Amino acid sequence: MTNINSIESQSGSSAMDRVKQVFRMDAIGILIALIVLCAAITIVAPHFLSGYNLTVLTRQASFVGLIALGQTLVLLIGGIDLSVGANSALSAVVGALLLTMYGVNPYLVIPLTMAFGMFLGLINGAIIANMRLSPFIVTLATWEIFAGLNLVITEGYPVRPLGAEFNWFGQASILGLPIPVLTFLLVAVILTWALGYTRFGRNIYSIGGNRTAAILVGIRVARVELFVYGISGMLAALAGILYASRMDSAQPSVGEAWLMPAITAAIIGGTSLSGGQGTIVGTVLGTLLMAALSNGMSLLNVSGFWERVVVGGVVLIAVLIDFIRRRR
Amino acid sequence: MSDIPALEVHGVSKKFGNAHALRDVSLTLRKGEVHSVIGENGAGKSTLMGIICGRLQPDTGTLQRDGKQVRFASPREAQSSGIAIAPQELNVLPMLSVAENIMIGAQPRGTFGISWSETRKLAEQFLHEIDEDIDTSTPMGELSAAHQQLVQIARATASHADVLIFDEPTAMLTDREAEKLFLFIARFKQRGGSVLYVSHRLNEILELSDSISVLRDGELVAQIDPAEATKEKMVNLMAGREVKSLHISGLRKQNNDQRETVLSVQNLTRKGEFEDISFDLRKGEILAISGLIGSGRTELGKCLFGLQPPDSGKVLINGREVVHSSPSDAIQNGLIYLPEERKKEGLFPLLSVAENICIASLDRFKGLFGLRQGAMVKRSAPYFSSMKLKAADPSIPISTLSGGNQQKAIIARWLMKECDILILDEPTRGIDVNAKFEIQALLTELTDKGLSIVFISSELQEVLDVSDRILVMHEGKMKGLVETNSVTQERLLQIAMT
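In this text the structure is predicted, and so the values were computed from the model without any measurement. (Residues numbered from 1 in each chain as written. Chains lettered and ligands numbered in written order. Predicted model: local features only at pLDDT ≥ 70, side-chain atom pairs only at ≥ 80, totals over all residues. Heavy atoms only, no water.)

A. Layout of the overall build of chain B. Counting its regular elements, chain B contains 17 helices and 24 strands. Relative to a compact globule of 498 residues, whose C-alpha radius of gyration would be 23 Å, chain B shows 24 Å and is just as compact. Its C-alpha atoms give chain B principal-axis dimensions of roughly 70 × 50 × 50 Å. Within chain B, the proportion of its 498 residues that are buried is 57%. Of the contacts made within chain B by residues no fewer than 6 positions apart, 65% connect residues no fewer than 24 positions apart. As displayed, chain B has an accessible area near 21100 Å², and 49% of this comes from carbon and sulfur atoms. Positive and negative side-chain charges of chain B, numbering 57 and 65 respectively, have mean locations separated by a distance of 4 Å. (Helix = DSSP H or I, 4+ residues; strand = E, 2+ residues; numbered from the N terminus. Rg over C-alpha atoms; globule rule 2.2 N^0.38 Å. Buried < 20%, exposed > 50% of the residue type's maximum accessible area, 1.4 Å probe, protein only. Contact = heavy atoms within 4.5 Å. Areas by Shrake-Rupley, 256 points an atom, 1.4 Å probe, with all protein chains shown as cover. Lys, Arg positive; Asp, Glu negative; His and termini not counted. Charge placed at Lys NZ, Arg CZ, Asp CG, Glu CD.)

B. Structural view of the pattern of salt bridges. Residues and elements named next belong to chain B. Scanning the model with the defined rule gives 19 salt bridges over all chains in all. Linking lysine 14 and aspartate 59 is a salt bridge whose minimum nitrogen-to-oxygen distance equals 4.0 Å. Placement of the pair is lysine 14 in strand β1 (residues 7-16) and aspartate 59 in the loop between α1 (45-52) and β4 (60-65), with a sequence separation of 45 residues. Of the residues examined, aspartate 59 reaches a relative accessible area of 44% and is grouped as partly exposed. When the shortest N-O distance is used, the salt bridge between aspartate 131 and lysine 180 registers 2.8 Å. Here aspartate 131, found in the loop between α4 (116-128) and α5 (145-158), pairs with lysine 180, found in helix α6 (residues 175-190); they are 49 residues apart in sequence, far enough to count as distant. Here the salt bridges share partners, and the residues they tie into one network are Lys31, Arg65, Asp66 and Asp162. (Salt bridge = Lys/Arg side-chain N within 4 Å of Asp/Glu carboxyl O.)

C. Spatial organisation of the interface of chain B and chain A. In this assembly, 27 residues from chain B lie in contact with 28 residues from chain A. Together, the buried faces of chain B and chain A total about 2500 Å²; carbon and sulfur atoms form 56% of this surface. Contact with chain A buries surface across chain B, with B:Arg76, B:Met95 and B:Trp116 losing the most and accounting together for 27% of the total. Counting across the interface, chain B meets chain A through 1 salt bridge. Within the residue set of the side of chain B that touches chain A, elements represented by two or more residues are α2 (75-80), α3 (98-103), β8 (113-114) and α4 of chain B. The leading source of residues in the side of chain B that touches chain A is α2(B), at 3 residues. Here the side of chain B that touches chain A is built from residues that sort into 15 nonpolar, 6 polar and 6 charged. (Buried area = accessible area lost by both parts, 1.4 Å probe. Nonpolar A, V, L, I, M, F, W, Y, C, P; charged D, E, K, R; others polar.)

D. Quick look at empty space enclosed by the protein. Residues and elements named next belong to chain B. Summed over all chains, the structure comprises 3 cavities of 30 Å³ or more. Here the largest cavity defines a volume of roughly 120 Å³. Structurally, the lining of the largest cavity is a two-domain feature, drawing no fewer than three residues from each of domain 1 (7-239) and domain 2 (249-334 + 419-497). (1 Å grid on protein atoms, 1.4 Å probe; cavity = no way out; pocket = protein on both sides within 12 Å on 5 of 7 lines; lining within 4 Å. Points joined across faces, edges and corners; volume = space filled by probe spheres on them. Domains from an automatic or database assignment.)

E. Region of interest: the confidence of the model for chain B. Taken residue by residue, chain B gives an average pLDDT of 84. The fraction at 70 or more is 93%. When the criterion is pLDDT under 50, residues 244-251 of chain B qualifies, and its contacts beyond four places in sequence or with other chains add up to 15 contacts. (pLDDT = per-residue confidence, 0-100.)

F. Region of the structure containing the side chain of A:Asp248. Residue and element names in this part refer to chain A. Looking at the secondary structure, you find aspartate 248 in the loop between α12 (221-247) and α13 (259-268). Buried and without a salt bridge, aspartate 248 has arginine 160 as its closest oppositely charged side chain, separated by 4.1 Å. Within the structure, the side chain of aspartate 248 is placed 2.8 Å from the side chain of asparagine 167, a separation counted as a polar contact. (Polar contact = N/O pair within 3.5 Å; in protein donor to acceptor, adjacent residues only side chain to side chain.)

G. A look at α13(A). α13(A) sits mainly inside the fold: 7 of its 10 residues count as buried. One or two residues past the end of α13(A) sits A:Gly270, with phi positive at roughly 100°.

H. Spotlight on the sheet that holds strand β3 (residues 34-38) of chain B. Residues and elements named next belong to chain B. The sheet built from 6 strands is open, its strands ordered β6-β9-β10-β3-β11-β12 with mixed pairing. Strands with a single pairing partner mark the edges of an open sheet, and in this sheet they are β6 (83-86) and β12 (219-224). The sheet shows a mean angle of 20° between the axes of neighbouring strands, direction not considered. Where β3 meets strand β11 (residues 211-216), 4 bridges bridge the pair, whose relative direction is parallel. Looking at the pairing, isoleucine 38 lines up with valine 214 of β11. Seen against the sheet, α1 touches β3, β6, β9 (163-167), β10 (194-198) and β11 and runs at an angle of roughly 150° to β10. (Pairing = 2+ DSSP bridges. Axes fitted to C-alpha atoms, helices over the stretch in contact; angles between N-to-C directions.)

I. Geometry of the environment of A:Val159. Here A:Val159 lies in the loop between α7 (135-154) and α8 (164-171). Expressed as a C-alpha distance, the spacing of A:Val159 and A:Leu177, which sit 18 residues apart in the sequence, is 27 Å.

J. Up close: the packing of aromatic side chains. A complete count under the given rule lists 10 aromatic pairs over all chains for this structure. Between A:Tyr107 and A:Phe169, the ring centres sit 5.5 Å apart and the planes meet at 80°, which makes this aromatic pair edge-to-face. In this pair, A:Tyr107 is assigned in helix α6 (residues 106-131) and A:Phe169 in helix α8, connecting sequence segments 62 residues apart. Here A:Tyr107 falls in the exposed class, since its relative accessible area comes to 53%. Between A:Tyr197 and B:Trp116 the ring centres are 6.5 Å apart and the planes differ by 70°, which places this aromatic pair in the edge-to-face class. (Phe/Tyr/Trp six-rings, centres within 6.5 Å; stacked < 30°, edge-to-face > 60°.)

K. Inspection of the pairing of β6(B) at higher detail. Residues and elements named next belong to chain B. Residues Ile83 and Ile85 point to one face of β6 and Ala84 and Ala86 to the other, with burial holding for every one of them. Strand direction decides the pairing type here: β6 and β9, joined by 4 bridges, are parallel. Looking across to β9, one finds that alanine 84 is bridged to leucine 164.

L. Looking closely at the sheet that holds β4(B). Residue and element names in this part refer to chain B. Pairing within the open sheet is antiparallel, and its 4 strands lie in the order β2-β1-β4-β5. Each edge of the open sheet is held by one strand with a lone partner, namely β2 (19-29) and β5 (68-70). Pairs of neighbouring strands in the sheet enclose a mean axial angle of 30°, with direction left out of account. Judged from the 3 bridges that link them, β4 and β5 form a sheet pairing that is antiparallel. Residue pairing for β5: leucine 63 is matched across the bridge by valine 70. Across the face of the sheet, α1 comes into contact with β1, β2 and β4 while running at roughly 120° to β1.

M. Structural context of the domain arrangement of chain B. Residues and elements named next belong to chain B. In terms of domains, chain B is made up of domain 1 (7-239), domain 2 (249-334 + 419-497) and domain 3 (346-413). Computed from C-alpha atoms alone, the centre-to-centre distance between domain 2 and domain 3 is 26 Å. Domain 2 puts 8 residues into the contact, and the matching count from domain 3 is 8 residues. Together, the buried faces of domain 2 and domain 3 total about 660 Å²; carbon and sulfur atoms form 73% of this surface. Summed over the three residues of domain 2 that lose the most area to domain 3, namely Glu438, Ile439 and Leu442, the buried surface amounts to 58% of that side. Applying the counting rule to domain 2 against domain 3 returns 0 salt bridges. At the junction of domain 2 and domain 3, the tally comes to 1 residue pair in polar contact (both at pLDDT 80 or more). Among the residues forming the side of domain 2 that touches domain 3, the class breakdown is 5 nonpolar, 1 polar and 2 charged.

N. View of helix α13 (residues 373-386) of chain B. All names here are of chain B. Within α13, the axis deviates most sharply at serine 380, by approximately 25°, and proline proline 382 lies no more than four positions further along. Within α13, the full set of buried residues consists of Met376, Ser380, Tyr383 and Phe384. The inward-facing, buried residues of α13 abut α12 (353-358) and α14 (403-417). (Bend = angle between axes of the 7 residues up to and from the residue.)

O. Representation of the packing of helix α4 (residues 51-76) of chain A against helix α14 (residues 280-299) of chain A in the model. Residues and elements named next belong to chain A. In the contact formed by α4 and α14, the axes pass within 8 Å of each other and the chain directions differ by 140°. Looking at the two axes, α4 sits oblique to α14. Along this stretch, α4 crosses α14, giving a crossing that reads as right-handed. Here Asn53, Leu57, Ala61, Gly65, Ala68, Leu69 and Thr72 of α4 lie close against α14, whose contacting residues are Ile280, Thr283, Val284, Thr287, Leu288, Ala291, Ala292, Asn295 and Leu299. Split into classes, the residues belonging to the contact of α4 with α14 amount to 10 nonpolar, 6 polar and no charged. (Parallel < 35°, antiparallel > 145°, perpendicular 65-115°, else oblique. Left-handed = near helix turned anticlockwise from the far one by under 90°.)

Here is the structure:
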């Protein structure tokens, strides 16, 4: 089921068993799909694999990816966070204002922005966990509130310029990897570890798998839920502020287009909408698949209008494959 | 052993709305004893256990743990004071491994977070005290209900509790697994642990208990010494009146041989679940299917109902071959299956009792302006009296009823639909003795009116009590088909095992 089961049952298995185990992992289907897709695009457009294009592709993927990682945690507990896109934009604007209006040190702006985003997420979490309200409705409401506040603060104008020192975070690379990409991978590694090897992570799977059981064994369900929404908010803010740094401008409308791709990436990666099932590796691969698809289509000069049709089709195919696999 | 009791309950009362679930109940659990609590459904047993394990809070009254007054705001607090419960309903995490289900919330940590090898080792230690055959690396969802129940019990012990609460632990277990549990309880007792034991099975109560408390309508009506208790005495105390007969086997009529066959199953096979099953069900007959959990009996029932297709074999209803590719096909042919897990597969908890009864016959309640709610309440009313279904009002949510009454409502659902063949899968599991007799008597009555019943049960006594003939299944194979009045419990086991 989850990657943990395969970790657990490694002892004393032959090489053949291991190969079989690899093919039983949830993420293997999406990995194969990603490789096939990349190979196909490369045949038609060889410059797909150029260093420059891959940098563009992965950097573009990393912003949505950060949000998708947070969303994965939320989906795992059986919730959903619709406010992440608005949170990204609002947090980025607040962070940019700290920098430009209050002259806060650029290195401090990022953690402060993340703290602000986490605060917004904790508001969601507090309402959902303590009052047992539907996460869909609560985050739909806070989505509007965050987006509205954003317009109240900015009146719709971007906050810019942010200055070269700050823009380093979004524009520079270390060892050839853009900083947003490194951040995305680092967060993915931390979350993979947290989900597999901490009680907090295992409690997330328990709550999504069977909430009643989780309460009965003494898990502090409300607290776990609160923090999961907090983390989701924090990662949304991180994505927003990195994007602002990349663009040298915090734009009030920026995160709105990130919500659906983020949920889609998590679902393609095998995360169940009803909770309890899903992996970070799956979400990372799902994010890359979506990015490769979008990038490939623009390389092939496919109209942007068609892109949405294709993305929708991919989601349907992913869900169908999952259905067939589970029936077997 | 010191003289301070492990747990004392003093004058506890609890109201739900206007109904008194518990009224001034006091109870003492000494160290190293098994204290059983018996009572009919709705007598307040589960409420009392809920209060002790921290799931519910009492309105008045106190709890004392080792002589000190305590208050549990949550199950977590009760657990940290050493009280753990193995609940009646299966509450497991189906996607996680058995090991993790046992150790959840208490996984041992290593240098890099949770140590999975250690987790598995510890889980094995706890599980193997109860059952040695279950592999801890299997995903929980792949285990049978009985094994899941054993794992759930292991989870309760893993919290290092010295007070364990068992709420109907054997309801889903077969005799062999129950035996393992009893051995565990004996060992636990020897280590000085105390057990609160709730069960409807009076035999095991007599076998296990050091003292017995009887609850009726939320009040503690008696404390009896198991040495002096008899089954009849316990039943009378629980019911508050004389109960006429513990056995209704005398009610069964003989000589069904001449009646026509309504359902004929021929060489039915579904690979990995059951193979080569053949039997004829006659009109007005109760045919029991007896077998351990995992014998393929539930799968057979589901297959006949069209939930899963057979790989080979034939099914004939009234001499005509039928293929049920979905339950609606089966219902149209007058064949109904009542699932084993009533909460998960049969109940609409938020709908009213009346709606739950009428939901399979909604086309009868179509009116000009949608469904006629009033008619549903009116049409379901006769079933309340004929089935002794106790509900304050047909329009309250069904989830407020006790388990026995919920089960009656579901049976009423299919009676209203007017079927010819009823397949009942463990219809009396988790139901108190009186409700059980009522349901059994009701089924007998229905067969007099021409209904034919396939009765699936793992309780041998019950099978012997209600059926005309018994089909014995074991590991997917049909081991024999016998006349009920020619066999005993021992003989049935013999048939299954050889």
